[in-house]
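Inside the fold
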Amino acid sequence: MEQKREQFSGALGIIAATAGSAVGLGNIWRFPYVTGENGGGAFIIVYLIFVFGIGVPVMLSEMIIGRKAQANAIGSFKKLAPKSSWWIIGLIGVLASFIILAFYSTVAGWTLHYVYSATTQNLLGQDYGTYFINFKDSTAMPAFWHIVFMVLTAAIVIAGVQKGIEKYTKVLMPILFLFMIILAVRAVTLPGASEGVKFLFKPDFSKLDANAILAALGQAFFSLSVGMGTIITYSSYFKKKEKLGGIAVSVAGTDFFIAILAGLMIFPAVFAFGMAPDSGPGLVFMTIPSIFEQMPLGNFFAIIFFLLIVIAALTSSISLLEVVVAYFVEEFKMKRVWATATSAIAITVLGMFCTLSWSTFKAIKIDNIAGNESMFFFDMMDFLASNILLPLGGVLIVIFVGWKLGKARSLNELTNEGLHKSKLYSLVFFIVKYIAPIAIMFVFLKGVNVI
Ligand code: PHE
């Protein structure tokens, strides 16, 4: 007999784990820097529309697929549409997980380094811009922390769903949340902070070109962990009685709220300390330390804060690795330990190219696309995954649910076999079938200059 599949223990565990996957470096590191590069307020409005108008429907589609099929990202399509090529959607997802985790662990490694340097009292009191760039451009330390982070991720994934993934997220997420509120309050009360608040909330639509709109879509997918099978994989561990609609909306709401909180923490500080909002991937690392410098016990809080970010990153990285591991375990009958070890090693190798993008591999770059600065290997992986693979995966997922699975079967899963009827579900299905595919395709093709 087949071994019983693991499951999350209940609704709270599910929300914690799924929100744990969603909330991570995407909110705290990526959201502020992408917002900064795309002009602030107007970008956020588009982002908000995409999170709820497209992200939530894609998330629900993934939940329908995963919970119905009770299998990994590729196996789910094979089960629901046997003898067809739909499983390729899952393959795109596994590939995207691989690539995202590669550069994700670079940034998580930076965060680990900040924990370390705050602990050894070397962080506060520097010129943070120079400090960060010197660190990022070096080799040994970033590579070391990158590996440490991947080892931690693999260790948790080996422990499995309930014992590993669920246990950590439930406790640590609320603490991070509290910390961010404190920091945001400190940041908005800094002298000169109001410029930053204005930047966030006063929309300037002149900055909003097709590239920016695609960036907002990519950021919505990235931050919600949708478009690549993470939610398919996680919801295959959901119980049949869980209400999918409520889970999706609370996860998206939490995720959006935390991104805004991160913005409130970063931008007032950016303006108060005279930095440039479009400083790129280093933005958070160059600004947050200066907020701590303005606080009593700043060094102590810096340690805890960066530690919490590491943990938020871990609850996301384990969901990325789980996509790959669940696939190998279920489709190739590999042992969990071996599946995890081999995929983690392969990802670490690819990730090394990301981590050493600005040093050993700095020759690999694309210059000046669309007036932007050079794109290094790191940026290429991020762009490929977030702005190409996730929208592509997302559009195929909604097409699969809307057109292949069909209304009856989809709504049956979404309403727990008709138990939770609501008119809203028909609207969700309409969006999934018509609006989301058209909107995603349009934003994607415009963003990459095809139309
Ligand atoms: N959503 C995570 C974050 O915001 C990153 C992630 C992307 C995780 C895709 C899983 C899948 O940090």
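Definitions and limits used
- Residues numbered from 1 in each chain as written.
- Predicted model: local features only at pLDDT ≥ 70, side-chain atom pairs only at ≥ 80, totals over all residues.
- Heavy atoms only, no water.
- Helix = DSSP H or I, 4+ residues; strand = E, 2+ residues; numbered from the N terminus.
- Rg over C-alpha atoms; globule rule 2.2 N^0.38 Å.
- Buried < 20%, exposed > 50% of the residue type's maximum accessible area, 1.4 Å probe, protein only.
- Contact = heavy atoms within 4.5 Å.
- Areas by Shrake-Rupley, 256 points an atom, 1.4 Å probe, with all protein chains shown as cover.
- Near = heavy atom within 4 Å.
- Polar contact = N/O pair within 3.5 Å; in protein donor to acceptor, adjacent residues only side chain to side chain.
- 1 Å grid on protein atoms, 1.4 Å probe; cavity = no way out; pocket = protein on both sides within 12 Å on 5 of 7 lines; lining within 4 Å.
- Sits in = over half its atoms within 2 Å of the grid points.
- Nonpolar A, V, L, I, M, F, W, Y, C, P; charged D, E, K, R; others polar.
- Core = buried A, V, L, I, M, F, W, Y, C linked by side-chain atoms within 4.5 Å.
- Points joined across faces, edges and corners; volume = space filled by probe spheres on them.
- Patch = residues over 30% accessible without salt bridge, like charges linked within 9 Å, V, L, I, M, F, W, Y side chains within 5 Å.
- Salt bridge = Lys/Arg side-chain N within 4 Å of Asp/Glu carboxyl O.
- Axes fitted to C-alpha atoms, helices over the stretch in contact; angles between N-to-C directions.
- Parallel < 35°, antiparallel > 145°, perpendicular 65-115°, else oblique.
- Left-handed = near helix turned anticlockwise from the far one by under 90°.
- Phe/Tyr/Trp six-rings, centres within 6.5 Å; stacked < 30°, edge-to-face > 60°.

Right, let's get into the overall build of the protein. Of the regular secondary structure elements, the protein holds 17 helices and 2 strands. For the protein, whose C-alpha radius of gyration is 21 Å, the value lies close to the compact-globule estimate of 22 Å for 451 residues. When burial is assessed residue by residue, the protein has 59% of its 451 residues classed as buried. Partitioning the contacts of the protein with sequence separation of at least 6, the portion at a separation of at least 24 is 82%. Counting every atom, the protein has about 17,600 Å² of accessible surface; 68% of that belongs to carbon and sulfur.

In this section: the site of the ligand. Taken together, the neighbourhood of the ligand is formed by 15 residues, with Ala22, Gly26, Tyr104, Phe222 and Ser225 sitting nearest. Take Ser21: an N or O atom from its main chain is 3.2 Å from a nitrogen atom of the ligand. Contact with the protein chains covers 100% of the free accessible surface of the ligand, which is 320 Å². Put simply, the ligand lies in the largest cavity. Within the residue set of the shell around the ligand, elements represented by two or more residues are helix H1 (11-22), helix H2 (25-37), helix H10 (210-224) and helix H14 (298-332). For the shell around the ligand, the class distribution of residues is 6 nonpolar, 9 polar and no charged.

Non-glycine residue Lys83 carries a positive phi angle of around 55 degrees. Checked against the element boundaries, Lys83 lands in the loop between helix H4 (73-80) and helix H5 (88-119). Notably, Glu417 is not glycine yet its phi reads approximately 60 degrees, a positive angle. Judged by its relative accessible area of 66%, Glu417 is exposed.

Below, the discussion takes up the nonpolar core. The nonpolar side chains of a soluble globular protein tend to be buried with one another. Within the largest apolar cluster, 161 residues are counted, with the highest numbers of intra-cluster contacts made by Phe305 and Phe306. Not counting chain neighbours up to four residues away, the residues in contact with Phe306 comprise Thr111, Tyr114, Val115, Leu123, Ile288 and Phe292.

Quick look at the environment of Leu60 now. Along the chain, the position of Leu60 falls in helix H3 (residues 41-69). Here the alpha-carbon distance between Leu60 and Phe429, two residues 369 residues apart in the chain, equals 9.5 Å. Ignoring any residue separated from it by four or fewer positions in sequence, one finds Leu60 in contact with Leu244, Gly245, Ala248, Leu414 and Val428.

Looking now at empty space enclosed by the protein. For the structure on display, the rule yields 3 cavities of 30 Å³ or more. What the largest cavity holds in volume is close to 120 Å³. As for the largest cavity, its lining consists of 17 residues, of which Ser21, Tyr104, Phe222, Ser225 and Leu320 are closest to the centre. Of all elements in the fold, only H1, H2, H5, H10 and H14 reach the threshold of two or more residues within the lining of the largest cavity. In the lining of the largest cavity, the residues fall into 9 nonpolar, 8 polar and no charged.

This paragraph deals with a nonpolar patch on the surface. A cluster of nonpolar side chains, Trp403, Leu424, Leu427, Phe430, Tyr434, Ile435 and Ile438, forms an exposed patch at the surface whose accessible area comes to about 750 Å². If you tally residues by element for the nonpolar patch, the top one is helix H17 (residues 423-447), at 6 residues. By the secondary structure assignment, Tyr434 is in helix H17.

The next subject is the pattern of salt bridges. Under the counting rule described, the total for this entry stands at 8 salt bridges. Between Glu331 and Lys78 there is a salt bridge; the shortest N-O distance is 3.7 Å. Of this pair, Glu331 sits in helix H14 while Lys78 sits in helix H4, and the two are 253 residues apart along the sequence. Residues Arg336 and Glu322 are paired through a salt bridge, measuring 2.5 Å at the closest nitrogen-oxygen approach. With Arg336 in helix H15 (residues 336-355) and Glu322 in helix H14, the pair connects residues that are 14 residues apart, well separated along the chain.

Turning to the packing of H10 against H17, a few remarks are in order. Remark: H10 packs on H17, axes separated minimally by 8 Å, with the N-to-C direction vectors making an angle of 130 degrees. Viewed along their axes, H10 and H17 adopt a mutual orientation that is oblique. Considering only the axes of H10 and H17, their crossing is left-handed. Each of Ala210, Asn211, Ile213, Leu214, Leu217 and Phe221 in H10 lies in contact with H17, whose residues at this interface are Ile440, Val443, Phe444, Lys446 and Gly447.

Under the definition given, this model contains 38 aromatic pairs. Both rings, one in Phe103 and one in Phe222, keep their centres 6.1 Å apart while their planes meet at 20 degrees; by these two values the pair is stacked. With a gap of 119 residues between them, Phe103 in helix H5 and Phe222 in helix H10 connect regions that are remote in the sequence. Both residues of the pair, Phe103 and Phe222, count as buried.

Moving on: the environment of Leu91. Relative to the elements of secondary structure, Leu91 occurs in helix H5. For the pair Leu91 and Lys433, spaced 342 residues apart in the sequence, the C-alpha separation amounts to 22 Å.

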